[in-house]
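Architecture at a glance
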Amino acid sequence: MTFKKRYYLSLDFPSEGDIFLEGSEHQHLKNVMRSRVNDEVELVNGCGGIAEATIIEIERHATRLRVTSSFCEEPLPTKLCLVQSLIKSSRLDIVLEKATELGVETIYLWPSVRSEQKLPSSKLMERMKGIIVSALKQSRRLFLPKLEILESLEVLPKQEAVFFGDLGNQALLLSEVFDKTSSSIAFVVGPEGGLTEEEDIQLNSIGAQGVKINDNILRSETASIAALSILYYLKM
């Protein structure tokens, strides 16, 4: 199956009419994809909206598009979020991309005590948001995950269910404790060095449950992808 090229534009789409694509998305259309006038494309706004449009004019700094139809999808009833401890940038990039593909609504970056990285700068946050946008378009999703900094586990917004990876022999499988009726679910993934005793106390204070997602010890980015894959399968 051949898909139309998809571009991200943060606005409410009209049912028809002309709109302009600017910035990095315009540059991608013009210089990377080398699109031409009269090519048909798709536009997504990250809020469930999608529009079909035709390229009318490609200028130096903007592309003029004519919307021919638009539609807005309702969000899924179950909200899934990932609390990811800060890890090395190259591995964090993988987490951001795969979490987007797997349907996460919010990605919280958490500076745990044993994190390998410090809090990201505003410039780095913008770069990471770009990775999420690219994954949004590639995966054909219509909802853009939010990317936020979580200063502490204790300030995690209220969730109906919170899980974290537990290596203990008594930990139950995630599939054994999952409740499909939960409307908001968070999975907390610690750093390579593991959680501290204080962080374990914080998890207990917010009602988090330790679960097993694999018999082996996983890297932080592998644990994130594995947990989200299991949760997506279970909630569907």
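Just above, that's the structure.
Report follows, based on the coordinates. Just so it is clear, the structure is predicted and the values come from calculations on it, not from any experiment. (Residues numbered from 1 in each chain as written. Predicted model: local features only at pLDDT ≥ 70, side-chain atom pairs only at ≥ 80, totals over all residues. Heavy atoms only, no water.)

Focus on the packing of helix α2 (residues 89-101) against helix α3 (residues 122-139)
Put simply, the rule reads: Every axis in this analysis is a line fitted to C-alpha atoms, fitted for helices over the stretch in contact. Angles between the N-to-C directions lie between 0 and 180 degrees. Runs of E in the DSSP output that reach at least two residues are strands. Runs of H or I that reach at least four are helices, and both are numbered from the N terminus. Each crossing is labelled by how the near helix is turned from the far one, with a counterclockwise turn of less than a right angle marking it left-handed and a clockwise turn marking it right-handed. Here, two residues are considered to be in contact whenever any of their heavy atoms come within 4.5 Å of each other. Residue polarity is assigned by list, with Asp, Glu, Lys and Arg as charged and Ala, Val, Leu, Ile, Met, Phe, Trp, Tyr, Cys and Pro as nonpolar; anything else, Gly included, falls into the polar class.
Packing of α2 against α3 brings their axes to within 8 Å, and their N-to-C directions diverge by 35°. The handedness of the crossing between α2 and α3 is right-handed. Across from Ser89, Leu92, Asp93, Leu96, Glu97, Thr100 and Glu101 in α2, the residues of α3 making contact are Arg127, Met128, Ile131, Ile132, Ala135, Leu136, Gln138 and Ser139. Among the residues forming the contact of α2 with α3, the class breakdown is seven nonpolar, four polar and four charged.

Notes on unusual backbone geometry
Counted only if it meets this: Type-normalised accessible area, obtained with a 1.4 Å probe on protein chains alone, sets the label of each residue: buried when under 20%, exposed when over 50%, and partly exposed for intermediate values.
Phi angles above zero are rare outside glycine, and arginine 34 is one such case at about 50°. With respect to the helices and strands, the residue arginine 34 is situated in the loop between α1 (23-32) and β3 (40-44). Looking at arginine 34, the relative accessible area reads 62%, which means it is exposed.

Considering the sheet that holds strand β4 (residues 49-58)
For clarity, the cut-off: When DSSP finds at least two bridges between two strands, those strands are taken to pair.
Read across the open sheet, the five strands follow the order β1-β3-β4-β5-β2; overall the sheet is mixed. Edge strands, defined here as strands with exactly one partner in the open sheet, are β1 (6-8) and β2 (17-22). Strand-to-strand twist of the sheet, defined as the mean angle between neighbouring strand axes without regard to direction, takes the value 40°. By the bridge criterion, six bridges tie β2 to strand β5 (residues 62-72) in an arrangement that is antiparallel. Looking at the pairing, aspartate 18 lines up with arginine 66 of β5. Against the sheet, α1 engages β1, β2, β4 and β5, with an angle of about 95° to β2. Here α3 sits on the sheet and contacts β1 and β3; the angle it forms with β1, its principal contact strand, is near 150°.

Considering the packing of α2 against helix α6 (residues 220-235)
Just so we agree on the cut-off: Angle categories are assigned with fixed cut-offs, so that under 35 degrees is roughly parallel, over 145 is roughly antiparallel, 65 to 115 is roughly perpendicular, and the rest are oblique.
At their nearest, the axes of α2 and α6 sit 9 Å apart, and the two run at 10° to each other. Comparing the axis directions of α2 and α6 gives the class roughly parallel. On the side of α2, the interface is formed by Arg91, Ile94, Val95, Lys98 and Ala99, while α6 contributes Glu221, Ser224, Ile225 and Leu228. Across the contact of α2 with α6, the residue classes tally to five nonpolar, one polar and three charged.

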